[in-house]
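Inside the fold
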Amino acid sequence: MSRGHDIEVPVLIVGGSMVGMSTALLLGHHGVRSLVVEHHRGTAIHPRAASVTQRTMEIFRSVGIEQTVRTKSEAQFVQDAGVVGAETLAGGATAHYIANFNDGIRDLSPTVRVFLSQNALEPTLKESAESHGAEMRFATECVSIEQDAAGVSAVIRHRDSGESQTVRAQYLIAADGAHSRIRQQLGVRMLGHGSFSKSVTIYFRANLRSFLEGKLWAVVYANHPQLRGFFRFEKPFESAFLVVNTTGDAARPNVNVSDGFTTESALEMVRTAIGVADIPVTIENVMHWRATADTAERFRVGRIFIAGDAAHVMPPTGGWGGNTGVQDAHNLAWKFALVLQGIASESLLSTYEAERHPVAELTVEQAYTRYVLRTDPSMPRGNMQAPVNDLDIELGYVYRSPGVIAEGADTPLHLNPRESRGLPGTRAPHYWLQRDGQQVSTLDLFARNFTLLAATDGQPWCESAIRAAKDSGLPLTVLRLGLNGLRDAQGGFAAAYGLEPSGCVLVRPDGFVAWRAINSTGASAARLSEVLRSILSRNS
Ligand SMILES: Cc1cc2nc3c(=O)[nH]c(=O)nc-3n(C[C@H](O)[C@H](O)[C@H](O)COP(=O)(O)OP(=O)(O)OC[C@H]3O[C@@H](n4cnc5c(N)ncnc54)[C@H](O)[C@@H]3O)c2cc1C
């Protein structure tokens, strides 16, 4: 216990839902202790998020929970199910947004997209975060914060006992959701399209087997003359939820579904969207929320970092809200670790906002575009982005900051992941190698430290890297194909990473390419020291 404070911890996380717990887990993976305080008495009770992108699954794989998530998903959802549109469930699909969740994308990653609802995912995040040393306090609120040049002081209070404690942390992460009090206290505005519907999520029970068995449908957008929204279905098709965003005439819809909403309205809407007037339905719960598409103008104020829905709110069209927050956490965790260890300069933390803000804004805009196209075509389109391929959003987002040594001035914000080929700022591509006779994805080589991976003739870079890492104190994994038990059986690694056989790539602990050398020209420890200094924001 420090003088004057009850608890001292490197990182305090306010909000212990999907993003707060992911942050604690990823920090723990990098050896950083954190304390999470969460207002609720336990993990999520409502399903909310379920679509887990390939990128989030890659992140989960890096911390050892991919298989648990896949096993839970198999129990809960039809695998590879798609996203379709229909006037009513009984009437069948009239639009196919994603026919099969994993068709045409399996080769891009060692893992797949899955559906797993938030209330099933969060216990796994909690257990894993705790096993990585995080402390979670439920039924505990953060009631005040204050920051100074050296850290953040907070008061936390247990909701039942009323007991308060003071916490001193070097950094605070606000993962306190869309209505983030911390963001508001910091005076950070949300910018974008604002809220455009007072929506409801109706959780209900009904026997839906005859409509769903044998079909690959996880999400069905309901485009009925009387209501627009979407269903999401879990096995064994005895319960589901229906989101309703608008009602009435689709050309001039009522966007305030929430006010005056009753159990009778819920029953009627569920039956209408199913398309069977007398089907037995039990309403279990109704959640009221606002469909919003906004991004915080800043993701950092001093020692406080804003992540997840607190930093960006988007409609669920696309299924990206929670995924985007997990990626915020993944971007931040290794940076905190290196700064707290004194290996990187504090300025490395500024790359969080530089990298994540444009990507979050793009994702928010694309979710908005899909909302307009799928749910409320009456909305004005003048300020709407053209749709971008889902894969660009999920795997192809690009980081542009001093944390990357860019090639050329105009790196785009997103790229088709099939075409990025190791370009600095992009996610390092998945490529199957052999390690000690076993198949291993390149992605599995990058999970914790910075990694310099050289093609078969890249020995000069490996030697330089070992010397440069020693000088800088940076834990750096140095690997070369043909050595370290690693073999490129298909002979395509260099091409997949845009290298010649004597080239190499430097990958960050979050699996993003920081720098590459196409061939061995200029290979020296001095050059690599300069590269590391620049990426770690160190002056000398
Ligand atoms: C119907 C629906 C479907 C969705 N589907 C998907 C999907 O398929 N895929 C996807 O990625 N996303 C989806 N989303 C979005 C996803 O649910 C959110 O993006 C995600 O929950 C954000 O997580 P978060 O941790 O940032 O915020 P939240 O889940 O809002 O958590 C914030 C937490 O902070 C706590 N808190 C706030 N203030 C304090 C305080 N002062 N002290 C202590 N605790 C505090 C709150 O109690 C809360 O638990 C969906 C959303 C909805 C509504």
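This text gives an overview of the structure that appears in the document. Only a predicted model underlies this, so the values are computations on that prediction, with no experimental measurement involved.

Calculation notes
Residues numbered from 1 in each chain as written. Predicted model: local features only at pLDDT ≥ 70, side-chain atom pairs only at ≥ 80, totals over all residues. Heavy atoms only, no water. Helix = DSSP H or I, 4+ residues; strand = E, 2+ residues; numbered from the N terminus. Buried < 20%, exposed > 50% of the residue type's maximum accessible area, 1.4 Å probe, protein only. Areas by Shrake-Rupley, 256 points an atom, 1.4 Å probe, with all protein chains shown as cover. Lys, Arg positive; Asp, Glu negative; His and termini not counted. Charge placed at Lys NZ, Arg CZ, Asp CG, Glu CD. Near = heavy atom within 4 Å. Polar contact = N/O pair within 3.5 Å; in protein donor to acceptor, adjacent residues only side chain to side chain. Nonpolar A, V, L, I, M, F, W, Y, C, P; charged D, E, K, R; others polar. Pairing = 2+ DSSP bridges. Disulfide = S-S within 2.5 Å. Axes fitted to C-alpha atoms, helices over the stretch in contact; angles between N-to-C directions. Contact = heavy atoms within 4.5 Å. Parallel < 35°, antiparallel > 145°, perpendicular 65-115°, else oblique. Left-handed = near helix turned anticlockwise from the far one by under 90°.

**Remarks on the overall build of the protein**
- When helices and strands are counted, the protein shows 13 helices and 25 strands.
- Classification of the 540 residues of the protein by burial places 59% in the buried group.
- A total of about 20600 Å² of accessible surface is found on the protein, and carbon and sulfur atoms cover 48% of it.
- Computing the positive centroid from 51 side-chain charges and the negative centroid from 54, the protein places the two 2 Å apart.

**Considerations on the site of the ligand**
- Around the ligand, the surrounding shell holds 32 residues, and the nearest of these are Ser-17, Glu-38, Arg-48, Asp-309 and Gly-322.
- Note that an oxygen atom of the ligand is positioned 3.0 Å from one of the backbone N or O atoms of Val-19.
- A distance of 2.8 Å separates an oxygen atom of the ligand from a polar atom in the side chain of Arg-48.
- Compared with its free state, where it exposes 1000 Å², the ligand has 89% of that area covered by protein.
- When residues of the shell around the ligand are traced back to their parent elements, those giving at least two are helix H1 (18-29), strand E8 (140-147) and helix H8 (321-340).
- When grouped by side-chain class, the residues that make up the shell around the ligand number 11 nonpolar, 14 polar and 7 charged.

**Comments concerning the pairing of strand E24 (residues 504-507)**
- Residue alternation in E24 divides its side chains into two sets, Cys-504 and Leu-506 and Val-505 and Val-507, and both sets are buried.
- In the sheet, strand E21 (residues 450-454) pairs with E24 via 4 bridges, with the strands oriented antiparallel. Bridge assignment links Ala-454 to a residue of E24, and that residue is Cys-504.
- Summarising the sheet, E24 and strand E25 (residues 513-517) pair through 4 bridges and their orientation is antiparallel. Looking at E25, one finds that Val-505 is bridged to Arg-516.

**Here we look at the state of the cysteines**
- Evaluation of the coordinates by the stated rule reveals 0 disulfides.
- As a non-bridged cysteine, Cys-462 has Cys-504 as the owner of its nearest cysteine sulfur, 7.2 Å distant.

**Describing the sheet that holds E24**
- If you trace the 4 strands from one edge of the open sheet to the other, you get E22-E21-E24-E25, paired in mixed fashion. Of all strands in the sheet, those with a lone pairing partner are strand E22 (476-480) and E25, marking the two edges. Here the strands of the sheet are splayed against their neighbours by 15° on average, with no regard to which way each runs.
- Across the face of the sheet, helix H11 (residues 459-472) comes into contact with E21, E22, E24 and E25 while running at roughly 165° to E22.
- Helix-sheet contacts for helix H13 (residues 525-535) involve E21, E24 and E25, and the interaxial angle to E25 is about 160°.

**Topic: the packing of H1 against H8**
- In the contact formed by H1 and H8, the axes pass within 8 Å of each other and the chain directions differ by 30°. In terms of orientation, H1 and H8 fall into the roughly parallel class. H1 and H8 meet at a crossing whose hand is right-handed. When H1 is examined against H8, the residues Met-18, Val-19, Ser-22, Thr-23, Leu-26 and Leu-27 are found in contact with a partner set consisting of Gly-322, Asn-323, Gly-325, Val-326, Ala-329, His-330, Ala-333 and Phe-336.
- Looking at the contact of H1 with H8 residue by residue, the classes come out as 8 nonpolar, 6 polar and no charged.

**Comments concerning the sheet that holds strand E4 (residues 82-86)**
- Pairing within the open sheet is mixed, and its 8 strands lie in the order E5-E4-E12-E13-E14-E11-E15-E18. Whereas interior strands pair on both sides, the edge strands pair on one side only; in this sheet they are strand E5 (93-98) and strand E18 (312-313).
- Of the pairings in the sheet, the one linking E4 to strand E12 (residues 217-224) comprises 5 bridges and is parallel in character. The residue of E12 that forms the bridge with Gly-85 is Tyr-221.

**As for the environment of Gln-459**
- Mapped onto the fold, Gln-459 is located in helix H11.
- With a relative accessible area of 27%, Gln-459 lands in the partly exposed category.
- Ignoring anything within four residues of it in the chain, the contact list for Gln-459 reads Arg-480 and Leu-483.
- A distance of 2.6 Å separates a polar atom in the side chain of Gln-459 from a polar atom in the side chain of Arg-480.

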